[in-house]
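# Examination of the molecular architecture
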Amino acid sequence: MAIVTMEGIWMHYKGGLYTVIGISRCDDTNELVVVYRSPQSYGDRLLRHRPLHEWDERVPKTAETSPAVLALSDPKADVVPRFTRVTNERFTEVGQQPR
């Protein structure tokens, strides 16, 4: 599976919503990062970033896992995506094939 992200709205596995602005590369480490903003904004309007490999990872289902994410995931799986796409906007393929 190619590492794919898109600009638009994504849901964190705990239920928070995030607007992806795009992909950037860290000047210090050369690592690809997802640049996003929380609609809840945490009381500020700052952009945030998270390493792309973390955005694409799977996490164990817990009591904190959002019912909306559970409804979209395989009921037999022990893990869910850390982020699930909510909107279908512009796709952009970045990086290389994951390990």
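The structure this text deals with has already been given above.
These numbers come from a predicted model, not from an experiment.

### With respect to unusual backbone geometry
- Despite not being glycine, Asn-30 shows a phi value in the positive range, around 70°.
- Among the structural elements, Asn-30 can be located in the loop between strand S3 (17-25) and strand S4 (32-37).

### Some remarks on the pairing of S4
- Of all the 6 residues making up S4, 5 are buried; the element is thus mostly covered by neighbouring parts of the structure.
- Relative to S4, S3 is paired through 6 bridges, and the arrangement is antiparallel. Note that in S4 the partner of Ser-24 across the bridge is Val-33.
- Between S3 and S4, which follow one another and run antiparallel, lie 6 residues, and Asn-30 among them has a positive phi close to 70°.
- Taken together, the 4 bridges between S4 and strand S5 (residues 48-51) define a ladder with antiparallel strand orientation.

### As for the sheet that holds strand S2 (residues 8-12)
- Ordered in space as S5-S4-S3-S2-S8, the 5 strands form an open sheet in which the pairing is antiparallel. Two strands bound the open sheet, and with one partner strand each, they are S5 and strand S8 (83-85). Neighbouring strand axes in the sheet, compared pairwise and without regard to direction, differ in orientation by 45° on average.

Analysis parameters
Residue indices follow the written sequence of each chain, beginning from 1 at its first position. With the structure being a predicted model, the display of local features is reserved for residues of pLDDT at least 70 and the display and counting of side-chain atom pairs for 80 or more, all residues being used for whole-chain, interface and lining totals. Calculated side-chain values reflect all of the structure's heavy atoms, with hydrogen atoms and water omitted. For helices the rule is a DSSP run of H or I covering at least 4 residues; for strands it is a run of E covering at least 2, with both sets numbered from the N terminus onward. Classification of residues uses two cut-offs on accessible area relative to the type maximum, computed with a 1.4 Å probe and protein chains only: under 20% is buried, over 50% is exposed, and between them is partly exposed. Note: two strands are recorded as paired if DSSP finds a minimum of 2 bridges between them. Where helices are involved, their axes are fitted lines through C-alpha atoms of the stretch in contact, as for all axes, and angles between N-to-C directions lie from 0 to 180°.

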